[in-house]
Every structure is written in C-alpha cells, then in structure tokens.
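Chain by chain, the residues run as shown.
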Amino acid sequence: MQTTTPSPAPVPSTAPQKPERVFGRGQIVAVAVALAFVVLFALAAKGCESIEGGRVRSTEEFRVYVRDTTRIGEEAYYQLTPTPTGAPYAEKEGSSSCVDDFGFDDSGVTRDQPIFTWDLRFASTGDYRTAVKGLKATWKKQGHKVKDLPAPAPGEPGHGLPGITTTLGDGIEVTVHPGYYSGKPELRVEGACTRYDDTYGDSYDYMYDDNGDGTVDEWEKPGY
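Residues numbered from 1 in each chain as written. Predicted model: local features only at pLDDT ≥ 70, side-chain atom pairs only at ≥ 80, totals over all residues. Heavy atoms only, no water.

## Some thoughts on unusual backbone geometry
Backbone geometry follows two general trends: most residues other than glycine have a negative phi, and most peptide bonds adopt the trans configuration. Rule in force here: What counts as a helix is a DSSP run of H or I of at least four residues, what counts as a strand is a run of E of at least two, and both are numbered from the N terminus.
Of the consecutive residues threonine 81 and proline 82, the connecting peptide bond is found in the cis state with omega at 5°. Tracing the chain through its elements places proline 82 in the loop between helix H2 (59-79) and strand S2 (90-93).

Next up, the structure:
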C-alpha cells in the first residue's frame, strides 16, 4: 500500500513588518506647506515693519535711546589718546531724511534721529592721527568691526586726514573724521531713525534737547 508523506506545516514568516505610518505623505506635505506659510507671513510682517520704519517706541524708550547715543559718543571722546583739548561739548543736529514719506505713521507718531557731533581740537595733525590709530585698536580689541575712511583728496576740506567708523549699541554709528564742510577733526554719532509716540503737550521734544540728555532743560525751552 502506497503511503503519502504529509506536507510540513507552513513556517510563519520572520521578516519584519513595516510599521504603520503615523502621517501619510499628503499630511506631511500639508504640514510643510503650513509651516512655509507661517515663515513667509513672519518675514512679510517683518519686511512691512522695516518698510514702515521699524516698530513704534514709547516716548520714554526714545529718550533712553537719545541718552545712549550721547553716552556712546562721550565714551569714544574719552577713549581718544592724546585727549582733545578743551571741554567736550555735543552739538545736536536734525535729520532731513528721517521723515514719513509714505504716510505710514498714525496720528501721535513722529520720527526723529539723534545725531550729535563733538569738535576735536588737537595740538597737531600728528596727534589726531595717533588718536585715530589708538581708538581703532581699542574698538577692534572690543570685538567691533572698524571701517577705515580714506583721507579727503587734495583741495577738499580735511585733506590728508583719514577717519574711522564703527557701529555700537543699538545701531549707533560712531565716526571720527574731518568734518564734511569745515575739514576740522570731529566725532560724530548717528542713531537710527526712530518712530515713537509723541503725545501733544509731552514735556520731551528731541529738537529742543540740545545736550542729548533725554530731557528738555529749562534753558533749552523755546523763549528762554
């Protein structure tokens, strides 16, 4: 009698099974697109703020910024060696470019740019050059990037006197160079054009703050 050998029982597969997907491909694409929109929206908002002139600060914040601008200028003045002769006196300037050309500012918002200059009186042009060289070394030692300014050409004010410039603090540009018109050595600090709340009747008005201390002193008020 012929017998049939039974077939062996099937052995279960030991191959690893693919894990179930938590997110489908379509969901991943949707999330990526959503994140891209968020980033683009943030960049657009930042770009609009930049075009408008930056965020609107409070009057007190702007007063602090003015004080910081003059403080940085005074610190640079006393870092000059040899020290200029005479007492340092800051002269305030206005800015014709810091204006709302496109009407972005709401009522009660104004713009100002703190700019101050100090005359630098040295005994000789050699002292000026030595002071510029020393200040440049100080700034570089502090980790600041310093840009050399070429001396004006023959026939121009300040001929032969080189300068330097750097940016300190909150976008405050500090420059030692011969004045554009006088040609005499000067220290110039320029803050950024700033939007801030300017409530009518407020006690502070930058254009009357001659010494840049963030306060309109009695002697600085109109009609004093």
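Now that the structure is up, let's keep going.
## Here's the deal with the state of the cysteines
Quick note on the threshold: Note that a disulfide, as used here, is simply two cysteine sulfur atoms within 2.5 Å. A 1.4 Å probe rolled over the protein chains alone gives each residue an accessible area, and that area as a share of the maximum for its type sets the label: buried under 20%, exposed over 50%, partly exposed in between.
For the coordinates displayed, the defined rule picks out one disulfide. Paired by a disulfide, cysteine 98 and cysteine 193 hold their sulfur atoms 2.0 Å apart. An S-S torsion of about 80° defines the bridge between cysteine 98 and cysteine 193 as right-handed. Linking cysteine 98 in the loop between S2 and strand S3 (109-112) with cysteine 193 in the loop between strand S8 (185-190) and strand S9 (194-197), this pair joins segments that are 95 residues apart in sequence. Relative accessible area serves as the criterion here: at 6%, cysteine 98 is assigned to the buried category.

## Concerning the nonpolar core
Note the cut-off: Nonpolar cores were defined as sets of buried Ala, Val, Leu, Ile, Met, Phe, Trp, Tyr and Cys residues, with membership established by side-chain atoms within 4.5 Å. Contacts are residue-level and defined by heavy atoms, with any inter-residue pair within 4.5 Å sufficient.
Formed by 29 residues in total, the largest nonpolar core has its most connected members in Val174, Val176 and Leu187. Of all the secondary structure elements, the ones that give two or more residues to this core are H2, strand S4 (115-119), helix H3 (125-141), strand S6 (163-168), strand S7 (172-178) and S8. Tallying contributions element by element places H2 first for this core, with six residues. With residues near it in sequence (within four places) discarded, valine 174 still touches Ile72, Ala76, Trp139, Ile164, Thr165, Thr166, Leu168, Leu187, Arg188 and Val189.

Everything listed here is a matter of geometry and, on its own, says nothing about what the molecule does.
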